[in-house]
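The lines below spell out each chain.
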There are 2 protein chains.
Amino acid sequence: MKDDEYNSFNQVLGVRASAVASGLKKNSKLDLALIEFASSSVFSAVFTQSHFAAAPVLVAKEHLKKRISRYCLINSGNANAATGLEGERDALRCCEALAEIAGVKKEAIIPFSTGVIGEPLDVDKIRAALPDLFEGLHKKNWLPLSEAIMTTDTKIKIASCKFNISGSEVNITGVAKGSGMIQPNMATMLSFVATDALVDQKILDEILFEVSARTFNRITIDGDTSTNDASVLVSTGISEVDCNEGPGLVELKQGITLVMRDLAHAIVKDGEGATKFVEVRVTGGNKREDCLSVAYSIANSPLVKTALFANDPNWGRLVMAIGKAEGKIDSSIVDIFVNDVCLMSVGQRDQSYTEEKGAREMRKGSIVIRVNLNLGEYEETVWTTDLSYEYVKINSEYRT
Amino acid sequence: MKDDEYNSFNQVLGVRASAVASGLKKNSKLDLALIEFASSSVFSAVFTQSHFAAAPVLVAKEHLKKRISRYCLINSGNANAATGLEGERDALRCCEALAEIAGVKKEAIIPFSTGVIGEPLDVDKIRAALPDLFEGLHKKNWLPLSEAIMTTDTKIKIASCKFNISGSEVNITGVAKGSGMIQPNMATMLSFVATDALVDQKILDEILFEVSARTFNRITIDGDTSTNDASVLVSTGISEVDCNEGPGLVELKQGITLVMRDLAHAIVKDGEGATKFVEVRVTGGNKREDCLSVAYSIANSPLVKTALFANDPNWGRLVMAIGKAEGKIDSSIVDIFVNDVCLMSVGQRDQSYTEEKGAREMRKGSIVIRVNLNLGEYEETVWTTDLSYEYVKINSEYRT
């Protein structure tokens, strides 16, 4: 999505947002955001599977059980992770303070944090900022929201679409943050997607689970998984367009897939130090898991990633990465392509291949690496980036 | 091992080596090596578990079955991997040519290759160099051998020790190569260790399997696994010291462990772009595999590795890496130490911890990261390096 398209997102009926600078980030940057959903809303969320799930994740899961969710309260600049019981109490204190201002129960507030791990959350700063934050709620505030949730992101991430069913319009809009520590395990990074479609809890849960699996759960920057990742999908129902079945359901699922895939790709493109956008597509697997294992083995290999950075068609590294993957692979029948150029067929260098052809494709900014295992019918796709000096620089200088 | 110690290695009775420059590497560098073992020798080897095991690995496995192994023929500069049936024929042609010169069956020759993947092997260059190579065999030639097997290595790797049983001396000496594409899966890199102990096939196999698991199989530079890795252990029996049981067996196993651990550590210290030597020790696991999963999750995390490079005690990244590991972990009771400084106790920042303390330890060249899962009795140790600009540079410029 180009920068000038950011103003063309659709408002979602029944959703208001707000963002302020509470002082958690330096230089008066926006660091505290609030999203309000109409009381008719249905709320779904999936979270990181880290053993060290952060305090707000634990509190959010508890609050969601009550099924009275109305607000997402999100701070950047501090992850409130590895902070123990005190961290949970801090997250809860923020919810309680906002609940009082908003006149709802504390379980209606779902908390999210992102930023440095292991530091206590400055609850006083957040509480002091809450009145202004609440006052600022407005249906147009998607852009400040997308800015306030950033950490090492260099660009805001917002995506939007709409569709019509029997003359009535349904809107879908979402924001996300993420740039490093990105390899999803169920859900990754932070993402908040809203629609004004009318849809039941069960259907919404199924859509979030299924679409997250094919979008946010198929991207990787560095193979590392955050303690705070969450993907949220909310439907307000205000459009009154029933999307529980038939064409409504089909359109809704397609629209949410578009928005989530846009956001997922935006995260990869903004990957720390990324100079390339790389799709790794593995076809012909005996099992879905085998395809995924090969795809991630390629996408997370430092040697493949440095070759991508160097525009070097060193396909030996692709061979290496496929070789170390788990699952059933017959090395004597594997084909490998970069874009449309065949590097390897039936387990060795393709006869038509030349270094010049390979180098030409590798110089492109967007590359598809395709592996055909030639064993079965399954396929999987993963998106990733290269590994550059800049990645090392960003992650060496983070915090200093 | 310091440079000036390289001349103090012990010769092993019944072993001769040789190395020449055949022209596979540029600039007349040594690139072809031969090791000869007395006809009394017992020969063990473990190999890469890559699906794309290279041609020489396939041929070596076949030849080993005949149990008449006498020679290791090793070329660097070309891996002869992903070269299909033609690659196997090339490896075999080299064996046949040497067998003729040495007057042995071709199955007595065990071939090894290391270098660029996917290029056909220049068999003519190798065959032309074989007479000189064979002529050059000498018991003192361990140093040229160690040099000829190098690829991106910056230092030769040789280790040695001896012990006495009832007044008789047993020698153990080994060489290895490896610097990147290092994460073992059964065996990694190339390593050739020889002893003049008298020991049966079964005992030798057990020792190689057990000791490789605790040394070469516990190092990682980048999580990538080569197509050509092999670890070879040969006993010539010429010392006539029976090491099949009792103190002889104990001493032999200890000695081989010392030599293989020295070589394994030398590989890590020479890791591509490495500025630090890092031991990751995970204790208190419920299962051995859980400890190993946590250790590798830390050792292979780009975010942990860049923090190590930057001397940044960013222990949130350790938390992240532990969190994404597989196995049973209770985040509320985990302790984390860097050297003797406790970063985290019972799942949150230790009260005595300060950034200054952490930074002081992280600045050291040799670092022990210790994680206590506080769940059980198992432990595992893995050795690794940091991730530097230099790693990206080396692997971006490889081949160019």
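Model, not experiment: these values are computed from the prediction.

**What about the sheet that holds strand S3 (residues 42–47) of chain A?**
Residue and element names in this part refer to chain A.
No. 1: Within the open sheet, the five strands sit side by side as S3-S10-S8-S7-S6. Their pairing is mixed. Each edge of the sheet is formed by a strand with only one pairing partner; in this case those strands are S3 and strand S6 (157–165). Pairs of neighbouring strands in the sheet enclose a mean axial angle of 10°, with direction left out of account.
No. 2: Taken together, the six bridges between S3 and strand S10 (residues 230–235) define a ladder with antiparallel strand orientation. Paired with Val-42 across the bridge in S10 is Ser-235.
No. 3: In the packing of helix H5 (residues 201–214) onto the sheet, the strands contacted are S3 and S10, and the crossing angle to S3 comes to about 30°.
No. 4: Each of S6, strand S7 (168–177), strand S8 (190–195) and S10 is contacted by helix H6 (residues 246–269), which is oriented at about 165° to S6, the strand it contacts most.

**What to know about the domain arrangement of chain A**
Residue and element names in this part refer to chain A.
No. 1: Entries for chain A in the domain assignment read domain 1 (3–269) and domain 2 (277–397).
No. 2: Here domain 1 and domain 2 have C-alpha centroids that lie 33 Å from each other.
No. 3: Opposite the 15 residues of domain 1 that make contact, domain 2 presents 13 residues.
No. 4: Between domain 1 and domain 2, roughly 1200 Å² of surface is buried when both sides are summed, and carbon and sulfur atoms account for 58% of that area.
No. 5: Its largest share of buried area at the contact with domain 2, domain 1 owes to Arg-218, Thr-220 and Val-268, together 47% of the area lost on that side.

**Considering the interface of chain B and chain A**
No. 1: Of the residues lining the interface, 60 residues belong to chain B; the matching set on chain A comes to 60 residues.
No. 2: Taking both partners together, chain B and chain A bury about 4700 Å²; carbon and sulfur atoms supply 57% of that area.
No. 3: There are two salt bridges connecting chain B and chain A.
No. 4: The salt bridge involving Arg-349 of chain B is made with Glu-119 of chain A; its shortest N-O contact spans 3.5 Å.
No. 5: At the junction of chain B and chain A, the tally comes to two residue pairs in polar contact (both at pLDDT 80 or more).
No. 6: Breaking the side of chain B that touches chain A down by element, the ones donating at least two residues are helix H2 (84–102), helix H8 (302–309), helix H9 (315–323), strand S14 (348–349) and helix H11 (389–397) of chain B.
No. 7: Its residues assigned to classes, the side of chain B that touches chain A shows 25 nonpolar, 22 polar and 13 charged.

**As for the environment of Ala-33 of chain B**
Residue and element names in this part refer to chain B.
No. 1: Within the secondary structure, Ala-33 is located in strand S2 (residues 32–37).
No. 2: Taking C-alpha positions, Ala-33 is 8.1 Å from Pro-144, a pair spaced 111 residues apart along the chain.
No. 3: Among residues more than four places away in sequence, those in contact with Ala-33 are Ser-18, Ala-19, Cys-72, Leu-73, Ile-74, Leu-133, Leu-145, Ala-148 and Ile-149.

**A word on the nonpolar core**
The tendency in soluble globular proteins is for nonpolar side chains to be buried as a group.
No. 1: Residues Ile-74, Phe-112 and Ile-298 of chain A together with Ile-74, Phe-112, Phe-192 and Ile-298 of chain B are the most contacted members of the largest nonpolar core, which totals 147 residues.
No. 2: Among the nonpolar cores identified, the runner-up in size contains 34 residues, and Cys-161, Ile-165, Val-170 and Phe-216 of chain A belong to it.

**Description of the pattern of salt bridges**
Residues and elements named next belong to chain B.
No. 1: On inspection of all chains with the given rule, the structure shows 38 salt bridges over all chains.
No. 2: The partner of Arg-127 in a salt bridge is Asp-124, with the nearest N and O atoms 3.8 Å apart. Here the residue Arg-127 and the residue Asp-124 both occupy positions in helix H3 (residues 123–135), the gap between them amounting to three residues, near one helical turn.
No. 3: The exposure class of Arg-127 is partly exposed, given its relative accessible area of 37%.
No. 4: Of the residues examined, Asp-124 reaches a relative accessible area of 55% and is grouped as exposed.
No. 5: Between Glu-169 and Lys-162 there is a salt bridge, with its nearest N and O atoms 3.7 Å apart.
No. 6: Take Lys-162: its relative accessible area is 47%, and that puts it in the partly exposed class.

**Some remarks on the pairing of strand S5 (residues 109–114) of chain B**
All names here are of chain B.
No. 1: Extensive coverage of S5 is indicated by the burial of six of its six residues.
No. 2: Taking every second residue as pointing to the same face, both faces of S5 are buried, with Ile-109, Pro-111 and Ser-113 on one and Ile-110, Phe-112 and Thr-114 on the other.
No. 3: As judged from the six bridges shared by strand S4 (residues 71–76) and S5, these two strands associate in the parallel manner. Residue pairing for S5: Cys-72 is matched across the bridge by Ile-110.
No. 4: Running through H2, the crossover from S4 to the neighbouring parallel element S5 is right-handed.

**Regarding the relation of the copies chain B and chain A**
No. 1: When chain B is brought onto chain A, the operation consists of a screw motion whose angular component is 180° and whose axial shift is 0.0 Å, with 0.0 Å RMSD remaining. Accordingly, the operation relating the two chain copies is best matched by a two-fold axis. Among all residues of chain B, the minimum C-alpha distance to the rotation axis is found for Tyr-389 of chain B, at 2.8 Å.
No. 2: The fraction of interface residues of chain B whose copies in chain A are also interface residues reaches 100%, indicating that both copies meet through the same surface.

**Some words on the packing of aromatic side chains**
Residues and elements named next belong to chain A.
No. 1: One pass over the structure, following the stated rule, counts eight aromatic pairs over all chains.
No. 2: Aromatic side chains Phe-112 and Phe-192 sit 4.9 Å apart centroid to centroid with 90° between the ring planes, which places their arrangement in the edge-to-face category. With Phe-112 in strand S5 (residues 109–116) and Phe-192 in strand S8, this pair connects stretches of sequence that are 80 residues apart.
No. 3: What makes Phe-192 buried here is its relative accessible area of 3%.
No. 4: Of the aromatic side chains, those joined through ring pairs into one cluster are Phe-47, Phe-112 and Phe-192.
No. 5: In this arrangement the basic side chain of Lys-269 is found over the ring face of Phe-277, its NZ or CZ atom lying 4.9 Å from the centre.

**Let's talk about the environment of Cys-243 of chain A**
Residues and elements named next belong to chain A.
No. 1: By the element assignment, Cys-243 lies in the loop between S10 and H6.
No. 2: Classification of Cys-243 as buried rests on a relative accessible area of 0%.
No. 3: The spacing of Cys-243 and Leu-198 is 45 residues in sequence and 5.8 Å in space, taken between C-alpha atoms.

**Focus on the packing of H5 of chain A against H6 of chain A**
All names here are of chain A.
No. 1: Where H5 meets H6, the axes come as close as 10 Å, and the angle between the chain directions of the two elements is 40°. What the angle tells us is that H5 and H6 run oblique. Considering the relative orientation of H5 and H6, their crossing is right-handed. Each of Ile-203, Ile-207, Leu-208, Glu-210, Val-211, Ser-212 and Arg-214 in H5 lies in contact with H6, whose residues at this interface are Leu-249, Leu-252, Lys-253, Ile-256, Thr-257 and Met-260.
No. 2: Its residues assigned to classes, the contact of H5 with H6 shows eight nonpolar, two polar and three charged.

**Overview of helix H5 (residues 201–214) of chain B**
Residues and elements named next belong to chain B.
No. 1: Over its 14 residues, H5 runs 20 Å from end to end, which matches the ideal 20 Å to within 8%, given 1.5 Å per residue.
No. 2: Restricting attention to buried positions, one finds in H5 the residues Ile-203, Leu-204, Ile-207, Leu-208, Val-211 and Ser-212. Taken around the axis of H5, the buried residues stretch over an arc of 150°, which confines them to a single face. Along H5, exposed side chains directed more than 90 degrees from the buried face belong to Lys-202 and Phe-209.
No. 3: Looking at the buried positions of H5, the neighbouring elements they touch are strand S3 (42–47), strand S10 (230–235) and helix H6 (246–269).

**So, the sheet that holds strand S13 (residues 341–345) of chain A**
Residue and element names in this part refer to chain A.
No. 1: Overall, mixed pairing links the seven strands, which are arranged S9-S16-S11-S15-S12-S13-S14 in an open sheet. Whereas interior strands pair on both sides, the edge strands pair on one side only; in this sheet they are strand S9 (219–220) and strand S14 (348–349).
No. 2: The pairing of strand S11 (residues 277–285) with strand S16 (residues 378–384) spans six bridges and is classified as antiparallel. Across the sheet, the residue bridging to Glu-279 is Trp-383, located in S16.

**Thoughts on the packing of H8 of chain B against H9 of chain B**
Residue and element names in this part refer to chain B.
No. 1: Relative orientation of the contacting elements H8 and H9 amounts to 155°, with a least axis distance of 9 Å. On the basis of the axis angle, H8 is roughly antiparallel to H9. The chirality of how H8 crosses H9 is left-handed. Touching Leu-303, Val-304, Thr-306 and Ala-307 of H8 are Arg-317, Leu-318, Met-320 and Ala-321, all from H9.
No. 2: Considered class by class, the residues forming the contact of H8 with H9 number six nonpolar, one polar and one charged.

Conventions we followed
- Residues numbered from 1 in each chain as written.
- Chains lettered and ligands numbered in written order.
- Predicted model: local features only at pLDDT ≥ 70, side-chain atom pairs only at ≥ 80, totals over all residues.
- Heavy atoms only, no water.
- Pairing = 2+ DSSP bridges.
- Helix = DSSP H or I, 4+ residues; strand = E, 2+ residues; numbered from the N terminus.
- Axes fitted to C-alpha atoms, helices over the stretch in contact; angles between N-to-C directions.
- Contact = heavy atoms within 4.5 Å.
- Domains from an automatic or database assignment.
- Buried area = accessible area lost by both parts, 1.4 Å probe.
- Salt bridge = Lys/Arg side-chain N within 4 Å of Asp/Glu carboxyl O.
- Polar contact = N/O pair within 3.5 Å; in protein donor to acceptor, adjacent residues only side chain to side chain.
- Nonpolar A, V, L, I, M, F, W, Y, C, P; charged D, E, K, R; others polar.
- Core = buried A, V, L, I, M, F, W, Y, C linked by side-chain atoms within 4.5 Å.
- Buried < 20%, exposed > 50% of the residue type's maximum accessible area, 1.4 Å probe, protein only.
- Right-handed = clockwise from strand over helix to strand, strands pointing away.
- Least-squares fit on C-alpha atoms with pLDDT ≥ 70 in both.
- Phe/Tyr/Trp six-rings, centres within 6.5 Å; stacked < 30°, edge-to-face > 60°.
- Lys NZ or Arg CZ within 6 Å of the ring centre and 35° of its normal.
- Parallel < 35°, antiparallel > 145°, perpendicular 65-115°, else oblique.
- Left-handed = near helix turned anticlockwise from the far one by under 90°.
- Expected span 1.5 Å × (residues − 1).
- Arc of directions from axis to C-beta.

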